[in-house]
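Structural description and commentary
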Amino acid sequence: MQKKDLFIGFIIGLVAATLGAYIMVESLTHYNLFTDYKKLQEEELLGKVITLGSILNIILFFVLIKKNKELMARGIVLATIILTLFTMFI
């Protein structure tokens, strides 16, 4: 059960970051995250978009800590670390 909670938290973290990045791109730019991926990468905006998208992970982390779901919160931290490493290498 413990590994399952960690995995669920990891998946929630990835989905929340993707959703946050999509919301940021759609509301603040004229690009579309999925169709204009190359343009975002060429203009060096992709890393910034992923970073801003991870703001939802912070909110989810504190919600899960408040509900005593520490392993799910660890999964969200793991997803954030993976996204940080991914952002560094693009």
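Here's a quick rundown of the structure. (Residues numbered from 1 in each chain as written. Predicted model: local features only at pLDDT ≥ 70, side-chain atom pairs only at ≥ 80, totals over all residues. Heavy atoms only, no water.)

**A few points about the packing of aromatic side chains**
Here is the rule: Note on aromatic pairs: the rings of Phe, Tyr and Trp (six-membered ring only in Trp) are paired at centre separations within 6.5 Å, and the planes decide the class, stacked below 30 degrees, edge-to-face beyond 60, tilted for the rest. Burial status follows relative accessibility: with a 1.4 Å probe on protein chains alone, a residue under 20% of its type maximum counts as buried, one over 50% as exposed, and anything between as partly exposed.
Per the stated rule, a full pass over the model turns up one aromatic pair. Between the aromatic rings of F61 and F62, the centroid separation amounts to 5.3 Å while the plane-to-plane angle is 75°, which identifies the pairing as edge-to-face. When its relative accessible area of 26% is taken as the criterion, F61 is described as partly exposed.

**Things to note about the nonpolar core**
The following threshold applies: For the purposes of this section, nonpolar cores are sets of buried Ala, Val, Leu, Ile, Met, Phe, Trp, Tyr and Cys residues that join through side-chain atoms within 4.5 Å. Only DSSP runs of H or I reaching four residues or more are called helices, and only runs of E reaching two or more are called strands; each is numbered from the N terminus. Contact criterion: two residues are considered in contact whenever any of their non-hydrogen atoms come within 4.5 Å of each other.
If you look at the biggest cluster of nonpolar residues, it comprises ten residues: A17, A21, V25, Y31, L33, L40, L46, V49, I50 and L83. Of all the elements in the fold, those that place two or more residues in this core are helix 1 (2-28) and helix 3 (46-53). Setting aside anything within four residues of it in sequence, one finds L83 in contact with L14, A17, I50, S54 and N57.

**What to know about the packing of helix 1 against helix 4 (residues 55-66)**
In plain terms, the rule: Think of each axis as a best-fit line through the C-alpha atoms, taken over the contacting stretch in the case of a helix, with angles from 0 to 180 degrees between the N-to-C directions. Just so you know how the angles are binned, under 35 degrees is roughly parallel, over 145 roughly antiparallel, 65 to 115 roughly perpendicular, and the rest oblique. Crossing handedness: left-handed means the near helix sits turned counterclockwise from the far one by under a right angle, and right-handed means the same turn made clockwise. By the convention adopted, Pro, Cys, Tyr, Trp, Phe, Met, Ile, Leu, Val and Ala count as nonpolar, Lys, Arg, Asp and Glu as charged, and the other residues, Gly among them, as polar.
Interaxial distance between helix 1 and helix 4 falls to 7 Å at its minimum, and their mutual angle equals 135°. By the angle class used here, helix 1 and helix 4 are oblique. Where helix 1 crosses over helix 4, the two elements pack in a sense that is right-handed. Here helix 1 contributes I12, G13, A16, A17, L19, G20 and M24 to the contact with helix 4, which in turn contributes I55, L56, N57 and L60. Among the residues forming the contact of helix 1 with helix 4, the class breakdown is eight nonpolar, three polar and no charged.

**Remarks on unusual backbone geometry**
Its identity is not glycine, yet N68 carries a phi of approximately 60°, on the positive side. Among the secondary structure elements, N68 is positioned in the loop between helix 4 and helix 5 (70-89). Accessibility expressed as a relative area gives 56% for N68, which makes it exposed.

**As for helix 3**
As a reminder, the rule being used: This arc describes the spread of directions from the helix axis toward the C-beta atoms.
Of the positions making up helix 3, those classed as buried are L46, G47, V49, I50 and G53. Summarising the axial view, the buried residues of helix 3 lie within an arc of 160°, below the 170-degree limit, and thus occupy one face.

**Some thoughts on the packing of helix 1 against helix 3**
Between helix 1 and helix 3, the shortest axis-to-axis distance is 7 Å and the interhelical angle comes to 120°. The angle between the axes of helix 1 and helix 3 places the two elements in the oblique class. Between helix 1 and helix 3 the crossing geometry is right-handed. Facing A16, A17, G20, A21, M24 and V25 of helix 1, the residues of helix 3 in contact are V49, L52 and G53. Within the contact of helix 1 with helix 3, the residues separate by chemical class into seven nonpolar, two polar and no charged.

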